[in-house]
Amino acid sequence: MVDEKVTAVGPVRVHTISTDKYKTNTLVWKMKAPLAKETVTLRALLPYVLQSGTVDYPSVKALRTYLDELYGATLNVDLTKKGEDHIMTVRIDVANERFLPEQTPLLEKALQLLADLLFRPALEGGRFVEDIVAREKRALSQRIQAVYDDKMRYASMRLVQEMCKGEPYALSPNGELGDVDAITAEQLYRYYEQALAEDELDLYVIGDVDEETVLAAVKRRFSLPDRPQPARAPLAPAKARGEVNEVIERQDVKQGKLNIGYRTNVTYEDDDYYALQLFNGIFGGFSHSKLFINVREKASLAYYAASRLESHKGLLLVMSGIEPANYEKARRIIDEQMQAMKNGDFTDEEMAQTKAVIRNQLLETLDTPRGLVEVLYHNVVSTRKRPLDEWLAGTDGVMREDVVRVAEKVALDTVYFLTGMEGATEDGKTGV
């Protein structure tokens, strides 16, 4: 289905995906390290500083002008967490010169630009440029603050913080607001050198490209000292705490946010992974799922109700927006849907519909270079390699008893409710 060739060039794993499906060529650079409080905010800042200037193009304006010259190439950076890994991403999309009247070597130029961003950043006095760092610190603080202002995202963050207290996964990939101001240009530069020396490095090149040409260009431009790849232990599913942790937080909000976290005791590594995907699809992953139909549509209790998986950590997270007065009712109906899954109370039609939606969703994801990389990168984060055709066959092969077996492993861990101030006592600690 996808012809991915993986070759080590020093410490960089180069993934070449040759396809004539796209009119563009895409470069995706990923740097992976364990989530840690000491480094999470530095990592959250670093890619934004790197994309702000190189030795040859030392400002955002100069860099953007050059991207325009490359037939409107685009440059983006991103931060995510998968399991307890923190991942920085730099992506460049550039037109395929084969479709242009002038045979400008755009892929070569894009690879050179990516190398310059990573290895020849704009510096002053042997450290990052003070003005760039100060500007990006302000922008990072605003991005972190924006989560606090968006109560849907805030509730999702708080659930994970409460559920995974003391675990690295509790950290936000955007870093800690209280740690931003103290970062200096010199400290960030020292961390940049450390990350290049220690992170797991992957480069994806996707498009109508020749593997040998790509590897030759990478060998010329991405020269790093070789080092052993760190050994990765298989993912261990986090265990439930034994008793349910209930957290009620009061703020000046009109709409309550009821978010519930479960430990699935299944991860991407496990044979039951496809059954877990199907379980989530029937339970709350899609618009035909039990949560949507029974909590939102039939009972009219929620503005939204859905669930999602964190496959590398083994978490199932339910998100819903409700009237504060409907807290007990909504909890009861959500509990009933989970019990229905454990009882096998779902139809063959629900099974078939969910398999079809998962298949279509996967195929749609593979239709974009960015989506293709995100699917393939699961095989870097995990010790288990899943070829794409196995995903489709594995999903199709899931039986009813597989879904029930997975459902029985799911354990309620934490209930988080963000509600308004109405009815609070002076210490704000009333029940609902």
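Residues numbered from 1 in each chain as written. Predicted model: local features only at pLDDT ≥ 70, side-chain atom pairs only at ≥ 80, totals over all residues. Heavy atoms only, no water.

Asker: Looking at this structure, I do not really get the overall build of the protein chain. What am I missing?
Answerer: Looking only at helices and strands, the protein chain has 15 helices and 13 strands in total. The C-alpha atoms of the protein chain give a radius of gyration of 23 Å, which matches the 22 Å a tight globule of 432 residues would have. With respect to the principal axes defined by its C-alpha atoms, the protein chain has extents near 60 × 55 × 40 Å. Within the span of the protein chain, comprising 432 residues, buried residues form 56% of the whole. On the protein chain, roughly 18,900 Å² of surface is accessible, and the fraction owed to carbon and sulfur atoms is 50%. (Helix = DSSP H or I, 4+ residues; strand = E, 2+ residues; numbered from the N terminus. Rg over C-alpha atoms; globule rule 2.2 N^0.38 Å. Buried < 20%, exposed > 50% of the residue type's maximum accessible area, 1.4 Å probe, protein only. Areas by Shrake-Rupley, 256 points an atom, 1.4 Å probe, with all protein chains shown as cover.)

Asker: Looking at this structure, how should I read the nonpolar core?
Answerer: One recurring pattern in soluble globular proteins: nonpolar side chains tend to sit buried together. Trp29, Leu114, Phe128, Leu188, Leu203 and Phe222 are the most contacted members of the largest nonpolar core, which totals 62 residues. Top element by residues in this core is helix H3 (residues 106-119). It accounts for nine residues. Contacts of Leu203, omitting those with residues within four sequence positions, involve Val12, Arg13, Val14, His15, Val28, Trp29, Leu111, Leu114, Val218 and Phe222. Judged by nonpolar contacts, the second largest core, of 58 residues, contains Leu276, Met351, Leu366 and Tyr377. (Core = buried A, V, L, I, M, F, W, Y, C linked by side-chain atoms within 4.5 Å. Contact = heavy atoms within 4.5 Å.)

Asker: What am I meant to see in the pattern of salt bridges here?
Answerer: Should the charged atoms of two oppositely charged side chains come close, the side chains can pair. Going through the model one piece at a time under the given rule, you end up with 37 salt bridges. Of the charged contacts, one joins Lys37 and Asp179 as a salt bridge, the two residues approaching to 3.4 Å between their closest N and O atoms. Here Lys37, found in the loop between strand S3 (24-34) and helix H1 (40-50), pairs with Asp179, found in helix H6 (residues 177-180); they are 142 residues apart in sequence, far enough to count as distant. Arg263 serves as the salt-bridge partner of Asp413, at 3.1 Å between the closest nitrogen and oxygen. Taken together, the residues span a long stretch of sequence, with Asp413 in strand S13 (residues 411-419) and Arg263 in strand S10 (residues 256-263) at a distance of 150 residues. Assigned by exposure class, Asp413 and Arg263 land together as buried. Counted as one network, the salt bridges with shared partners bring together Arg13, Lys32, Asp85, Glu200 and Asp202. (Salt bridge = Lys/Arg side-chain N within 4 Å of Asp/Glu carboxyl O.)

Asker: What exactly am I supposed to notice about the side chain of Asp272 here?
Answerer: As for its placement among the helices and strands, Asp272 is situated in the loop between S10 and helix H9 (273-285). For Asp272, a relative accessible area of 10% corresponds to the buried category. Residues contacting Asp272, with those up to four places away along its chain left out, are Val266, Arg405, Val406 and Lys409.

Asker: Looking at this structure, I do not really get the sheet that holds S10. What am I missing?
Answerer: One key point about sheets: their strands pair by backbone hydrogen bonds, in either a parallel or an antiparallel sense. With mixed pairing, five strands are arranged side by side in an open sheet as S9-S13-S10-S12-S11. Each edge of the sheet is formed by a strand with only one pairing partner; in this case those strands are strand S9 (245-250) and strand S11 (302-310). Averaged over all neighbouring strand pairs, the angle between strand axes comes to 10 degrees, with direction disregarded. Running at roughly 35 degrees to S10, helix H5 (residues 151-163) makes contact with S9, S10, S11, strand S12 (315-322) and S13 of the sheet. (Pairing = 2+ DSSP bridges. Axes fitted to C-alpha atoms, helices over the stretch in contact; angles between N-to-C directions.)

Asker: Before we go on, may I ask you to explain the sheet that holds strand S5 (residues 85-95) in this structure?
Answerer: What the six strands build is an open sheet, ordered S1-S2-S8-S3-S5-S4; its pairing is mixed. Looking at strand neighbours, the two that pair on one side only are strand S1 (4-9) and strand S4 (74-82), the edges of this open sheet. Between one strand axis and the next, the sheet turns by 20 degrees as a mean value, whatever way the strands run. Judged from the nine bridges that link them, S4 and S5 form a sheet pairing that is antiparallel.

Asker: What should I look at first to understand the environment of Lys137 in this one?
Answerer: Within the secondary structure, Lys137 sits in helix H4 (residues 130-149). Apart from residues no more than four positions distant in its own chain, Lys137 is found in contact with Leu45, Val180, Asp181 and Ile183. Among the polar contacts listed, one links the side chain of Lys137 to the backbone oxygen of Ile183, at a separation of 2.7 Å. (Polar contact = N/O pair within 3.5 Å; in protein donor to acceptor, adjacent residues only side chain to side chain.)

Asker: Is there a simple way to explain the side chain of Thr419 in this structure?
Answerer: Note that Thr419 resides in strand S13. Since its relative accessible area comes to 4%, Thr419 is described here as buried. When sequence neighbours within four positions are dropped, the list of residues in contact with Thr419 reads Ile248, Glu249, Arg250, Gln251, Val253 and Pro324.

Asker: What should I look at first to understand H3 in this one?
Answerer: Note on helix geometry: an α-helix contains 3.6 residues per turn, so any two residues three or four positions apart are oriented the same way. A rise of 1.5 Å per residue sets the reference length of H3, with its 14 residues, at 20 Å; its end C-alpha atoms lie 20 Å apart and thus fit the reference within 8%. Within H3, 10 of the 14 residues are buried, which leaves the element mostly enclosed by the surrounding structure. Looking only at H3, the buried set comprises Leu106, Leu107, Ala110, Leu111, Leu113, Leu114, Ala115, Asp116, Leu117 and Leu118. (Expected span 1.5 Å × (residues − 1).)

Asker: Where do I start with the environment of Asp367 in this structure?
Answerer: Looking at the element boundaries, Asp367 is found in the loop between helix H12 (348-366) and helix H13 (369-381). According to the relative accessible area criterion, Asp367 is partly exposed, its value standing at 43%. Sequence separation between Asp367 and Tyr22 is 345 residues; the distance between their C-alpha atoms is 8.8 Å.

Asker: Explain unusual backbone geometry here, please?
Answerer: Excluding glycine, most residues fall at negative phi; most peptide bonds, likewise, are trans. Although it is not a glycine, Tyr71 adopts a positive phi angle of roughly 55 degrees. With phi around 60 degrees, Asn265 is a residue other than glycine that occupies positive phi space.

Asker: Just checking my understanding: could you explain the environment of Gln142 for this structure?
Answerer: As for its placement among the helices and strands, Gln142 is situated in helix H4. Among the residues examined, Gln142 registers a relative accessible area of 56% and is labelled exposed. With 35 residues separating them in the primary sequence, Gln142 and Leu177 have C-alpha atoms 9.1 Å apart.

Asker: Can you walk me through the packing of aromatic side chains in this structure?
Answerer: Pairs of aromatic rings are described using the distance from one ring centre to the other and the angle between the two planes. Inspection of the entire model under this criterion finds 16 aromatic pairs. Here Phe128 and Tyr189 contribute two aromatic rings whose centre-to-centre distance is 5.3 Å and whose plane-to-plane angle is 80 degrees, an arrangement assigned as edge-to-face. With a gap of 61 residues between them, Phe128 in strand S7 (residues 127-128) and Tyr189 in helix H7 (residues 185-198) connect regions that are remote in the sequence. Judged by its relative accessible area of 1%, Phe128 falls in the buried class. Taken together, the aromatic side chains of Tyr268, Tyr273, Tyr274 and Trp391 make up a single cluster linked through ring pairs. The ring of Tyr268 has Arg386 lying over it, and the distance from NZ or CZ to the ring centre is 5.1 Å. Here the basic side chain of Arg386 rests over the ring of Tyr274, its NZ or CZ set 4.7 Å away from the ring centre. (Phe/Tyr/Trp six-rings, centres within 6.5 Å; stacked < 30°, edge-to-face > 60°. Lys NZ or Arg CZ within 6 Å of the ring centre and 35° of its normal.)

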